[in-house]
Amino acid sequence: MSAREEVLRRIRRATKDVTEPDPALDVPVDWTYGRALDTPDVLADFVEKVEDYKATVVRVDEAGVGQAIVDALAELGAMSTVLPDGLPSQWDETVVDSGIAVHRDHPELSRAELNVIDAVVTTAAVGMADSGTIALDHGEGQGRRALTLLPDRHICVVRSDQVVSDVPEGIARLAPGIRSRRPVTWVSGGSATSDIELIRVEGVHGPRRLWVILVD
Amino acid sequence: MSTRERLTPEPPSWLGIPPFPEAAKAELGKAQQRKNLRHATATIRTKRAIRAAEVDNWEELRTAAAQIKDRVGRHLDHYLVQAEKAMTEAGITVHWARDGDEANRIVGEIAKAKGVDEVVKIKSMVTQETDLNEHLEEIGIAAWETDLAELIVQLGHDLPSHILVPAIHRNRSEEREIFTTEMGRYGTPAPEGLSDEPAELAAAARTHLREKFLRAKMAISGGNFIVAETGTLVIVESEGNGRMCLTLPETLVSVVGIEKILPTVEDLEVFLKLLPRSSTGERMNPYNSFWTGVTPGDGPQDLHVVLLDNGRTNVLADPEGRATLRCIRCSACLNICPVYERVGGHAYGSPYPGPIGAILGPQLRGLDEARDRALPYASTLCGACNEVCPVKIPFTDILVHLRHKVAEYKTSKHPTVEQGLMKGAGWVMSDGRHLALAQRASRTAGLLVKGRWLGPMPIPLAGRWLQARDVEAPPTETFRQWWKKNRGDK
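Residues numbered from 1 in each chain as written. Chains lettered and ligands numbered in written order. Predicted model: local features only at pLDDT ≥ 70, side-chain atom pairs only at ≥ 80, totals over all residues. Heavy atoms only, no water.

## What to know about the overall build of chain B
- The helix and strand inventory of chain B stands at 23 helices and 10 strands.
- Taken over C-alpha atoms, the radius of gyration comes to 25 Å for chain B, in line with the 23 Å a tight globule of 490 residues would show.
- Expressed as a percentage of its 490 residues, the buried residues of chain B come to 58%.
- Considering only contacts in chain B between residues 6 or more positions apart, those separated by 24 or more positions represent 75%.
- Total accessible area on chain B stands at roughly 19700 Å², and carbon and sulfur atoms take up 54% of it.
- With 62 positive and 63 negative side-chain charges, chain B shows a separation of 9 Å between the mean positions of the two kinds. (Helix = DSSP H or I, 4+ residues; strand = E, 2+ residues; numbered from the N terminus. Rg over C-alpha atoms; globule rule 2.2 N^0.38 Å. Buried < 20%, exposed > 50% of the residue type's maximum accessible area, 1.4 Å probe, protein only. Contact = heavy atoms within 4.5 Å. Areas by Shrake-Rupley, 256 points an atom, 1.4 Å probe, with all protein chains shown as cover. Lys, Arg positive; Asp, Glu negative; His and termini not counted. Charge placed at Lys NZ, Arg CZ, Asp CG, Glu CD.)

Listed below in structure tokens is the structure:
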């Protein structure tokens, strides 16, 4: 008997007391999915919670994004950055014009090349205010997963219409992407560890600094 | 095993640890460890309480989580077959393993087929359970732990003592010592003059591991969740070492217990609100990764999932213990447990310590070994774990149920002194005159020891009980005598 058959046989024997074949009827779940929180100011909540992770948040209007990115790169001491495909051309041009070394991911950058680039600039898919979480679905403007992992500083541009009150609404927005097999990464502040005496240390393996530009 | 030099630091064995009552006694003697544990558990349980209190419908969430996990457990065959189909369609090779040895063999064969001599690992409870690292070591493959705490444990030739913070029993100066002496033997050494500042220690780990991440061809992970409908795997982590392992190597093998299934994508909303607040006391942990099979041009192009039983079907087969499989390994039960706080994780003799270890171990492995028969008693039954568990596992009910099973097991194996004593107790309790007689005997004993506390005594059964406890001397006056004297006229 194959391991698969054996394990399934053991499971069926172990659950022979279960007589209702429909899981939903057998164990009803008392939960309403996708509910929003009753947050008075969702954007303010998002800013507060993201800052609580010691990330930086700046709020700008649409026209100011390019300059805000350049300012962030300067503030973070980044001498080089990688720009994924699909960023709005105006931002891209502003960064290029600023004179910082700009890398592109085609042909694909090696791990070693990515490892020595100081920063990455991306857009996002969803922001979740209550937990201060930003979700990337690695679509246009977000790059493959390694791009937001190896460089030490991540500058992430979130549009205000992408921010929802809480995780359930966030999952609802991300579900179609997950169902079409997009990888998804959730980022809540910079990389951190509390493994030494439970003292939080920012920055272990992922980007040490997260800088969020919220576009009103 | 050959006599060649080891590739990775040699850990001690869980098998060398005696049953809980004896191990606990030794652990209690470690003053530094007790201090480290008290500090850590107090900090983390306070954080959990604050973050749980922020969520208005916390209780509703716990109920939903328990229901979802019960739904999965009661229909596990249905969901596993669904998950297998979805994962296969998404380009994942799905393997099944009856036990830990089979899972280890599968992982080892994949590594051999890929021609790798080292792998990077994300902290995973399930590969601790199967002792995968030691299996890989035996077949000539070095497995590197990349979670900071797991690195401290691995380099320290140590065993993990907590589900979430495996090096919880160590403090910064011990950790500095481990890094300074060991890092250089296995890769980039610790920098000269490394201090014991947490930030410096973390930076040393970053440098030491970065080299391994950049060259890794294969990674091994566990899995927090598998979504049955889509075949999506989810990993919840903090440091980014998980993301490194999940995205940089060409090959990724995820070993996942069969109970880790969730029915739908939407079910994630319940668990991603509960898990971080319950485990690290954060609103959300820094990184969550979700992947559904192979993404061309992004991440590993060869994905494997090993679905592991290793005793989980034993747990499932007992309707009274089944709720144990709801566990999402958050460790809130450890952090609140007065027993765990004092003895630490090693005394439980397996990677799963604390209340969850006390109920999971004996159910996964059965009661044939003394260490597993001892675990249901490694609790005061105070019930604090019941209150903090995000999936509402009824710990104390299951502990009592398992104590009953241990008693049954012993009775069936060797009718004993215990039964004799119970028979005696039955005689005493059956008649007031018998009780009076017994009380007079205890009074005599009380007069003999005159208020001194009693330590270990060579008395069958009581002797074992007294190994871990001191007991007050019997009173010099029985209750009946007191009543007669003070209330006799009423």
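This is not the end of the story, as more comes after the structure.
## Examining the environment of B:G140
All names here are of chain B.
- Relative to the helices and strands, G140 is located in the loop between α7 (132-138) and β3 (142-145).
- C-alpha of G140 to C-alpha of V116: the two residues are 24 residues apart in sequence and 9.6 Å apart in space.
- Beyond its immediate chain neighbours, meaning those up to four positions away, G140 contacts R4, L7 and D117.

## Some thoughts on the domain arrangement of chain B
- Domain boundaries in chain B define domain 1 (14-313) and domain 2 (417-486).
- Computed from C-alpha coordinates alone, the two centres of domain 1 of chain B and domain 2 of chain B are separated by 49 Å. (Domains from an automatic or database assignment.)

## Description of the interface of chain A and chain B
- The interface is formed by 78 residues belonging to chain A together with 96 residues belonging to chain B.
- Both sides together, the interface formed by chain A and chain B hides about 7600 Å², and carbon and sulfur atoms give 56% of it.
- Among the residues chain A hides against chain B, the three largest losses belong to A:R111, A:R145 and A:H205. Together they make up 11% of the total.
- One can count 16 salt bridges joining chain A with chain B.
- Between B:E266 and A:R179 there is a salt bridge; the shortest N-O distance is 2.8 Å.
- Our enumeration of links across chain A and chain B arrives at 50 residue pairs in polar contact (both at pLDDT 80 or more).
- In terms of residues, the side of chain A that touches chain B owes the most to one element, helix α1 (residues 3-14) of chain A, which gives nine residues.
- When its residues are assigned to classes, the side of chain A that touches chain B shows 35 nonpolar, 18 polar and 25 charged. (Buried area = accessible area lost by both parts, 1.4 Å probe. Salt bridge = Lys/Arg side-chain N within 4 Å of Asp/Glu carboxyl O. Polar contact = N/O pair within 3.5 Å; in protein donor to acceptor, adjacent residues only side chain to side chain. Nonpolar A, V, L, I, M, F, W, Y, C, P; charged D, E, K, R; others polar.)

## Remarks on the sheet that holds strand β2 (residues 80-82) of chain A
Residue and element names in this part refer to chain A.
- The parallel open sheet is built from six strands, whose spatial order is β1-β12-β7-β4-β2-β3. Each having just a single partner strand, β1 (56-60) and β3 (101-103) make up the two edges of the open sheet. Pairwise comparison of adjacent strand axes, ignoring direction, gives a mean angle of 25° for this sheet.
- Strand direction decides the pairing type here: strand β7 (residues 153-159) and strand β12 (residues 209-215), joined by seven bridges, are parallel. The partner of I155 across the bridge, within β12, is W211. (Pairing = 2+ DSSP bridges. Axes fitted to C-alpha atoms, helices over the stretch in contact; angles between N-to-C directions.)

## Some thoughts on the nonpolar core
- Residues A:W186, B:F20, B:F179, B:F225, B:L268 and B:I356 are the most contacted members of the largest nonpolar core, which totals 150 residues.
- Those residues in contact with B:I356 that sit more than four places away from it in its chain are B:I163, B:T324, B:C327, B:C333, B:L334, B:G361, B:I393 and B:F395.
- The next biggest cluster of nonpolar side chains, apart from the first, holds 21 residues, and it includes A:V60, A:I100, A:I155 and A:W211. (Core = buried A, V, L, I, M, F, W, Y, C linked by side-chain atoms within 4.5 Å.)

## Some words on helix α4 (residues 65-75) of chain A
- Taken together, the buried positions of α4(A) are A:V65, A:G66, A:A68, A:I69, A:V70, A:A72 and A:L73.
- Buried positions along α4(A) lie against β1, β2, α5 (89-97), β4 (119-123), β7 and β12 of chain A.

## What about the UniProt feature "domain: LUD" (unreviewed entry) in chain B?
- Here the UniProt feature "domain: LUD" (unreviewed entry) sits at residues 82-308 of chain B.
- Between the first and last C-alpha atoms of residues 82-308 of chain B the distance is 16 Å; the span itself is 41% helix and 21% strand. (UniProt positions renumbered as here; feature names shortened; annotations may be inferred.)

## Re the UniProt feature "domain: LUD" (unreviewed entry) in chain A
- In the numbering used here, UniProt assigns the feature "domain: LUD" (unreviewed entry) to residues 44-215 of chain A.
- Secondary structure within residues 44-215 of chain A divides into 27% helix and 27% strand; the distance between the first and last C-alpha atoms comes to 13 Å.

## Digging into unusual backbone geometry
- Between A:H106 and the following residue, A:P107, the backbone shows a cis peptide bond with an omega angle of 0°.
- With respect to the helices and strands, A:P107 occurs in the loop between β3 and α6 (111-115).
- Here the phi dihedral of B:N310 falls at roughly 50°; this positive angle occurs in a residue that is not glycine.
- Relative to the helices and strands, B:N310 is located in the loop between β10 (302-308) and α13 (312-316).

## Observations concerning a nonpolar patch on the surface
- Side chains of B:V417, B:L421 and B:L461 sit close together on the surface and give an oily, nonpolar patch of about 230 Å² of accessible area.
- Assignment of secondary structure puts B:L461 in the loop between α21 (432-449) and α22 (462-467). (Patch = residues over 30% accessible without salt bridge, like charges linked within 9 Å, V, L, I, M, F, W, Y side chains within 5 Å.)

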